[in-house]
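Next come the chains, spelled out residue by residue.
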Amino acid sequence: MLGIDYFFWIAAIIVLYTYIGYGLLLYLLVKIKEKRHPVQPLYLQKPPPTATLLIAAYNEEDIVDLKMENCNRLNYPKGKLNIVWVTDGSTDNTNLKLAEYPEITVLHVPERKGKTAALNRGMQYIHTPFTVFTDANTMLNQEAIREILTPFSDPVVGCVAGEKRIVVEDKDNAAAGGEGFYWRYESKLKSWDSRLYSTVGAAGELFAIRTSLFKTMPEDTLLDDFVLSMSIASQGYKIAYRDAAYAIESASADIGNEQKRKVRIAAGGLQAIWRLLPLLNIFRHGILSFQYISHRVLRWSITPVLLFLLFPLNILLVSLRPEQTGYMILLVLQSLFYLMAIGGSILQRRHIKVKILFIPYYFVFMNLNVIKAFFYLQKHKGTGAWEKAKRKQ
């Protein structure tokens, strides 16, 4: 029965490494590197390069005016930034709203194929050296374009990831509180990844690429931002992280809509692992593979499964090894954690805010959604169109 002990401890080590250990190791490696090689500041190319801001939209009539107001406030030289909207099968008044802005380009087709197909179509019409991607429902800070283009002064940078910020108010529910905490932690990891070697993927709310590096993606791709950015990294380029360029987004309207997002993202992660299979070759991609496996692959594959196996395995080991108090202590700690998560679940349904329960509840919630993602991927195979999750207004 020693095999059960070994499996339990291996599973525990993988879980701890995925969620805590990698962050600590990453922080240590960054400090060692920067002590030996201090970071040199980067500056925007002179004159500022021409770029295109590409916005993919589906039924966004309620946000068009606000988004265009945000675009017009961006601090970038006049005539240097083209704004292109690519609308995919919108059935509302999105295109009528966009027609009120003659200074922009609108690429519309009536058939809905999904965001990836829309991006593939839109990129055929972009000829500026850099393309900045953003979502219709996210607002950019005034200096976002200048800041996100600055790292391209380094020729080895092929993609730049901006920071995603979630607006969380005191009255918000567990979905908002958990999502906000998750993205603050994720942003820190992205920053450290970039400082060590390369950020592991970009978020579609705000990122930029060298236009020449774009490769058409399969239309059923669920995580277009991640696959596109990592395909650029696989070509030997780095993904830089620029927290001074950020996109502000409202939290999910409720936990049901947050679940839609998390399941789809996790399904896209599983899909991406298969489509980016060569990146698992650490002998070819070295430190990038190490970062990719540690930061993404484990989270989207075996770690959630191992996490939920730890509790029944712990119960079994307590019954088999009653004399070993260590297993009993671990079982008590696991039980307390899951009780806190259950408490958080109950309270969020009653719209009662207890911040200390947000983290365990959201952590369990995220990992459960990875399990659900296995089934989502099978159900939605062959299509890139998906139901949008609602955001808070």
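Our structure's up above, just so we're on the same page.
Residues numbered from 1 in each chain as written. Predicted model: local features only at pLDDT ≥ 70, side-chain atom pairs only at ≥ 80, totals over all residues. Heavy atoms only, no water.

Enquirer: For the side chain of Thr87, give the residues involved together with the corresponding values.
Expert: With respect to the helices and strands, Thr87 occurs in strand S2 (residues 81-88). Only 2.7 Å separates the side chain of Thr87 from the side chain of His108, close enough to count as a polar contact. (Helix = DSSP H or I, 4+ residues; strand = E, 2+ residues; numbered from the N terminus. Polar contact = N/O pair within 3.5 Å; in protein donor to acceptor, adjacent residues only side chain to side chain.)

Enquirer: If you had to explain the sheet that holds strand S3 (residues 105-109) to someone new, which residues and values would you point to?
Expert: Across the sheet, which stays open at both edges, the 8 strands sit in the order S3-S2-S1-S4-S7-S6-S8-S5 with mixed pairing between neighbours. Edge positions in the open sheet fall to S3 and strand S5 (139-140), since each of these has one partner strand only. Pairing of strand S1 (residues 51-57) with strand S4 (residues 130-135), which is carried by 6 bridges, proceeds in the parallel orientation. Its bridge partner lying in S4, Ala51 is registered against Phe130. Lying on the sheet, helix H4 (residues 115-123) is in contact with S1, S2, S3, S4 and strand S7 (206-210); it crosses S2 at an angle near 140 degrees. (Pairing = 2+ DSSP bridges. Contact = heavy atoms within 4.5 Å. Axes fitted to C-alpha atoms, helices over the stretch in contact; angles between N-to-C directions.)

Enquirer: Describe in detail the environment of Gly23, supporting the description with residues and values.
Expert: Locating Gly23 in the fold gives a position in helix H1 (residues 2-36). Considering only alpha carbons, one finds Gly23 and Gln142, 119 residues apart in sequence, at a separation of 31 Å. In this structure, Gly23 is in contact with Leu189 and Trp192, ignoring residues within four places of it in sequence.

Enquirer: Kindly report on the nonpolar core, identifying the contributing residues and their values.
Expert: By size, the foremost hydrophobic cluster in this structure holds 36 residues, and its most contacted members are Leu54, Phe133, Ile209, Phe226, Leu228, Met230 and Tyr292. Looking at this core, the element that brings in the most residues is helix H7 (residues 224-233), giving 6 residues. Once you skip the residues sitting within four places of it in the chain, Phe226 turns out to touch Val200, Gly201, Ala202, Ala272, Leu276, Tyr292, Arg296 and Trp300. Within the second largest apolar cluster, 34 residues are counted, among which are Cys71, Leu81, Val132 and Ala136. (Core = buried A, V, L, I, M, F, W, Y, C linked by side-chain atoms within 4.5 Å. Buried < 20%, exposed > 50% of the residue type's maximum accessible area, 1.4 Å probe, protein only.)

Enquirer: For empty space enclosed by the protein, give the residues involved together with the corresponding values.
Expert: In the structure shown here, the tally under the stated rule is 1 cavity of 30 Å³ or more. In this structure, the largest cavity occupies an estimated 50 Å³ of space. Taken together, Leu54, Ala56, Lys115, Leu119, Phe133, Thr134, Asp135, Gly204, Phe207 and Asp224 form the lining of the largest cavity. Secondary structure elements with two or more residues in the lining of the largest cavity: S1, H4 and S4. (1 Å grid on protein atoms, 1.4 Å probe; cavity = no way out; pocket = protein on both sides within 12 Å on 5 of 7 lines; lining within 4 Å. Points joined across faces, edges and corners; volume = space filled by probe spheres on them.)

Enquirer: Tell me about H4, residues and numbers included.
Expert: Within H4, 8 of the 9 residues are buried, leaving the element largely enclosed by the surrounding structure. Among the residues of H4, Thr116, Ala117, Ala118, Leu119, Asn120, Arg121, Gly122 and Met123 are the ones counted as buried. Looking at the packing, one finds that the buried side of H4 touches S1, S2, S3, S4, S7 and H7.

Enquirer: Any details on the packing of aromatic side chains? Residues and values, ideally.
Expert: Note on aromatic pairs: each is described by the distance of the centres and the angle between the planes. Within the structure shown, the criterion is met by 16 aromatic pairs. Here the aromatic rings of Phe8 and Trp9 are separated by 5.3 Å at their centres, their planes lie at 85 degrees, and the arrangement is edge-to-face. Overall, Trp9 belongs to the partly exposed group, its relative accessible area being 40%. Aromatic pair Tyr362 and Phe365: ring centres 5.6 Å apart, planes at 40 degrees, arrangement tilted. Here Tyr362 and its partner Phe365 are both found in helix H13 (residues 355-379), 3 residues apart, which amounts to about one turn of the helix. Relative accessible area serves as the criterion here: at 7%, Phe365 is assigned to the buried category. Each member of the aromatic cluster is reached from another via a ring pair, and the members are Tyr19, Phe311, Phe337, Tyr338 and Phe363. Above the face of the Tyr58 ring, Arg112 is positioned so that its terminal group lies 3.8 Å from the ring centre. Residue placement shows Arg165 over the ring face of Tyr246; its charged tip is 3.6 Å from the ring centre. (Phe/Tyr/Trp six-rings, centres within 6.5 Å; stacked < 30°, edge-to-face > 60°. Lys NZ or Arg CZ within 6 Å of the ring centre and 35° of its normal.)

Enquirer: Hey, could you go over the pattern of salt bridges for me, with residue numbers and the actual values?
Expert: Summed over the entire model, instances satisfying the criterion amount to 13 salt bridges. Between Lys97 and Asp65 there is a salt bridge whose closest N-O contact spans 3.2 Å. Of the two residues, Lys97 is situated in helix H3 (residues 94-98) and Asp65 in helix H2 (residues 64-72); the sequence distance between them amounts to 32 residues. The exposure class of Asp65 is partly exposed, given its relative accessible area of 31%. Linking Glu163 and Arg165 is a salt bridge whose minimum nitrogen-to-oxygen distance equals 2.8 Å. (Salt bridge = Lys/Arg side-chain N within 4 Å of Asp/Glu carboxyl O.)

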